[in-house]
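What follows is the residue order along each chain.
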Amino acid sequence: MTTKTNELTRIGVFYDGTFFFHASNYYNYHHDRRARLSVGGLHEFVRSQAADSEGVDVRYCQIVDAHYFRGRPRAQDAEQRGMLARERAFDDVLVREGVVTHYLPLGPDGEKGIDVWLALEAYELAIYKRFDVVVLVACDGDFLPLVRKLNTIGTRVMLLAWDFKFTDADNKEQETRTAQVLLDEVTYPIMMHQIIDDRSRRADPLVNGMFVPPRPVRAHPATNGTSPVVPTQAELPQQTGRIQNLQPGYGFIAPDSGAANIFFFHAELLNADFNELRTGQRVTYALGSNKRGPCAISISVLDRPAAVGAAAA
């Protein structure tokens, strides 16, 4: 650990957006936290961790640059999938936290070139803005050359690393592990999952601040005081039903038509958060399909929370 007095420690943060989104989904849908990662809370944790690692007061550790890199679908594709509003809302979060966004359009083969762009940008900015510490929110071993180049110019690298696994909607176990070569080469490897799950830090405001607090449950707006306004996609025939079953990240709808229960994924919700759903809520949806067969897409919740509670009683 280095020892400084009042010299400013300049920090640059660089997000592999796909990895960050994947980790945030894990905590929101598969972890006991049931909450998304907070960008602002994560930045406060970074400043505190950098202060401890560098041996300075936290006031002298400042994030002077932050950048978010991700491939994303075209606006038309995102709108058709009901994703456009959610993407814009997250962009607003990044803007409020002073994070510069870098997007590449997703092609037929998925995300291409975004890792190279992140590495080039991080290295160039480390030279011109003279970062003392570069923070990588990433797990891919492809960033090893970047870490080594940053080491050559004397920039310390902090890696926010997550290892986690869960069972997906297809009942397959998914696992994410940070490349060992990155952990071996960076100056400050921080195992985030261990810090978050450390029972001795359960009441630590820095740890709890890394998660978005739950939103208050509010009734949906209504046209006449009783009937909620529900967004629809005119080009898709609308079906109606009730939430029959909920699992981490997915669930099943019982159609009013009496057909078999139909699967849905959390990302298909248009006007509600998945963690706020309750069995018995009425919904509208369109019919889609995935590799397992028919599924519900473009789902809108009809019932107000109070109405659901009254029906259950």
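It should be emphasised that the depicted structure is a prediction, and the values quoted were computed from it without experimental measurement.

Here is what the cut-offs are and how they apply
- Residues numbered from 1 in each chain as written.
- Predicted model: local features only at pLDDT ≥ 70, side-chain atom pairs only at ≥ 80, totals over all residues.
- Heavy atoms only, no water.
- Helix = DSSP H or I, 4+ residues; strand = E, 2+ residues; numbered from the N terminus.
- Buried < 20%, exposed > 50% of the residue type's maximum accessible area, 1.4 Å probe, protein only.
- Contact = heavy atoms within 4.5 Å.
- Areas by Shrake-Rupley, 256 points an atom, 1.4 Å probe, with all protein chains shown as cover.
- Expected span 1.5 Å × (residues − 1).
- Core = buried A, V, L, I, M, F, W, Y, C linked by side-chain atoms within 4.5 Å.
- Lys, Arg positive; Asp, Glu negative; His and termini not counted.
- Salt bridge = Lys/Arg side-chain N within 4 Å of Asp/Glu carboxyl O.
- Pairing = 2+ DSSP bridges.
- Axes fitted to C-alpha atoms, helices over the stretch in contact; angles between N-to-C directions.
- Arc of directions from axis to C-beta.
- Phe/Tyr/Trp six-rings, centres within 6.5 Å; stacked < 30°, edge-to-face > 60°.
- Lys NZ or Arg CZ within 6 Å of the ring centre and 35° of its normal.

A count of helical and extended segments in the chain gives 10 helices and 13 strands. For the chain, buried positions account for 44% of its 313 residues. Here the analysis covers contacts within the chain between residues at least 6 apart in sequence; of these, 68% occur between residues at least 24 apart. Accessible surface, the chain: about 16,400 Å² in total, of which carbon and sulfur atoms supply 51%.

What follows is about helix α1 (residues 17-29). In this model, α1 (13 residues) spans 18 Å end to end at C-alpha, consistent with the 18 Å of a helix rising 1.5 Å per residue. Most of α1 sits inside the fold, with 10 of its 13 residues counted as buried. Along α1, the residues classified as buried are Gly17, Phe19, Phe20, Ala23, Ser24, Asn25, Tyr26, Tyr27, Asn28 and Tyr29.

Right, let's talk about the nonpolar core for a bit. Judged by nonpolar contacts, the single largest core of 39 residues is most densely connected at Leu160 and Trp162. Setting aside its immediate chain neighbours within four residues, Trp162 contacts Phe19, Ala23, Tyr27, Leu37, Leu42, Val137, Thr176, Arg177, Thr178, Met192, His193 and Ile196. Grouped together as the second largest cluster of nonpolar side chains are 24 residues, Phe69, Val134, Ala138 and Leu182 included.

Further remarks concern the side chain of Glu121. Looking at where Glu121 falls in the secondary structure, it is placed in helix α5 (residues 114-128). Of the side chains with opposite charge, Lys129 lies nearest to the buried Glu121, which makes no salt bridge, at 8.2 Å. The contact partners of Glu121, leaving out residues within four places of it in the chain, are Phe14, Phe69 and His102.

This part is about the sheet that holds strand β8 (residues 188-191). One open sheet accounts for 6 strands, arranged β3-β2-β1-β4-β5-β8; its pairing is parallel. This sheet does not close on itself; its edge strands, each paired only once, are β3 (100-105) and β8. Put simply, the sheet's adjacent strands are angled 15° from each other on average, direction ignored. Bridge analysis of strand β2 (residues 61-72) against β3 gives 6 bridges, and the strand direction is parallel. If you follow Tyr68 over to β3, its bridge partner there is Thr101.

Over its 15 residues, α5 extends 21 Å from the first C-alpha to the last, a length consistent with the 21 Å expected when each residue adds 1.5 Å. Within α5, burial applies to Ile114, Leu118, Glu121, Ala122, Leu125 and Ala126. Down the axis, α5 shows its buried residues gathered within 125° of arc, on one side only. The exposed residues of α5 that point more than 90 degrees off its buried face are Val116, Leu120 and Tyr128. Buried residues along α5 sit against β1 (9-16), β2, β3, β4 (133-137) and α6 (144-152). Positioned one or two residues after α5, Arg130 has a phi angle of 55°, which is positive.

What follows concerns the packing of aromatic side chains. By the definition in use, this model includes 16 aromatic pairs. Where Phe252 meets Phe263, the ring centres are 5.9 Å apart and the plane angle is 70°; that geometry is what we call edge-to-face. With a gap of 11 residues between them, Phe252 in strand β10 (residues 250-255) and Phe263 in strand β11 (residues 262-265) connect regions that are remote in the sequence. Classification of Phe252 as partly exposed rests on a relative accessible area of 27%. A relative accessible area of 14% places Phe263 in the buried class. Ring pairs connect the aromatic residues Tyr15, Phe20, Tyr68, Phe90 and Tyr103, which therefore count as one cluster. In this arrangement the basic side chain of Arg72 is found over the ring face of Tyr103, its NZ or CZ atom lying 3.8 Å from the centre.

What follows covers the sheet that holds strand β12 (residues 282-290). The sheet built from 5 strands closes into a barrel, its strands ordered β9-β10-β11-β13-β12 with mixed pairing. The sheet shows a mean angle of 50° between the axes of neighbouring strands, direction not considered.

Another aspect to go through is unusual backbone geometry. Even without being glycine, Arg34 reaches a positive phi, approximately 50°. If you trace the backbone, Arg34 turns up in the loop between α1 and α2 (39-54). Here Arg130, not a glycine, exhibits a phi torsion of approximately 55°, which is positive. By secondary structure assignment, the location of Arg130 is in the loop between α5 and β4. Judged by its relative accessible area of 57%, Arg130 is exposed.

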